[in-house]
Amino acid sequence: ERDHVLLWELHAEVSNGTFDQYLSNSSGDHAQEALGALERAGLPGVAGILLRVLDALPGGWCADGDERERRIEAVPDRWNVFR
């Protein structure tokens, strides 16, 4: 059930507002868990995309929402990177 929720959050947020929205909202708190859920669901290609997005953040992903938002804002050309 947890995997289902993680995958639904990822899909809903990215479909509505790109990875920028996903990472900026509380759903981004679960990005590391979502990677595992994607692998377990047999979606390694999508997991690879999410991993590249997380790697684009200066300093990488972090659980703290305020710090994560600072990192998101520091990504050069972030709108194209997260699209």
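Please read these numbers as outputs of a predicted model, since none were measured by experiment. (Residues numbered from 1 in each chain as written. Predicted model: local features only at pLDDT ≥ 70, side-chain atom pairs only at ≥ 80, totals over all residues. Heavy atoms only, no water.)

Asker: Just to check I follow, could you spell out the overall build of the protein chain for this structure?
Answerer: Within the protein chain, the regular secondary structure consists of 5 helices and 0 strands. Each helix and strand of the protein chain, placed in order from N terminus to C terminus, yields the pattern α-α-α-α-α. A compact globule built from 83 residues should have a C-alpha radius of gyration of about 12 Å, and the protein chain, at 12 Å, falls within 12% of that. Along the first, second and third principal axes, the C-alpha atoms of the protein chain reach 35 × 25 × 20 Å. (Helix = DSSP H or I, 4+ residues; strand = E, 2+ residues; numbered from the N terminus. Rg over C-alpha atoms; globule rule 2.2 N^0.38 Å.)

Asker: Is there a simple way to think about helix α4 (residues 65-73) in this case?
Answerer: Count 3.6 residues to each turn of an α-helix, and residues three or four apart come out pointing the same way. R68, R71 and I72 are the residues of α4 that are buried. The buried residues of α4 all sit within an arc of 100 degrees when viewed along its axis, so they share a single face. Exposed side of α4, more than 90 degrees from the buried face: D66 and E73 are the residues found there. Elements that come into contact with the buried residues of α4 comprise α1 (2-24) and α5 (78-81). (Buried < 20%, exposed > 50% of the residue type's maximum accessible area, 1.4 Å probe, protein only. Arc of directions from axis to C-beta. Contact = heavy atoms within 4.5 Å.)

Asker: Would you explain the pattern of salt bridges in this entry?
Answerer: If charged atoms from side chains of opposite charge come close, those side chains can pair. Under the definition given, this model contains 6 salt bridges. Residue R2 pairs with E33 through a salt bridge whose shortest N-O separation is 3.0 Å. One end of the pair, R2, is in helix α1; the other, E33, is in helix α2 (residues 31-40), with 31 residues separating them in the sequence. Its relative accessible area of 35% is what places E33 among the partly exposed residues. Salt-bridge contacts for R70 lead to E67; the nearest nitrogen and oxygen are separated by 3.1 Å. Of this pair, R70 and E67 both sit in helix α4, 3 residues apart, which is roughly one turn of the helix. Here E67 falls in the partly exposed class, since its relative accessible area comes to 24%. (Salt bridge = Lys/Arg side-chain N within 4 Å of Asp/Glu carboxyl O.)

Asker: Looking at this model, I keep getting lost on unusual backbone geometry. Mind explaining?
Answerer: Unlike most non-glycine residues, T18 shows phi in positive territory, near 70 degrees. In this fold, T18 is placed in helix α1. Look at D77: it is not a glycine, yet its phi comes out positive at around 55 degrees. Topologically, D77 is positioned in the loop between α4 and α5.

Asker: What exactly am I supposed to notice about the nonpolar core here?
Answerer: Counting 16 residues, the largest nonpolar core has F19, Y22, L23, L50, L54, L57 and F82 as its most contacted members. Mapped by element, the contributors of at least two residues to this core are α1, α2 and α3 (44-56). Sequence-distant contacts of L50, defined by excluding residues within four places in its chain, comprise F19, Y22, A31, A34, L35 and L38. (Core = buried A, V, L, I, M, F, W, Y, C linked by side-chain atoms within 4.5 Å.)

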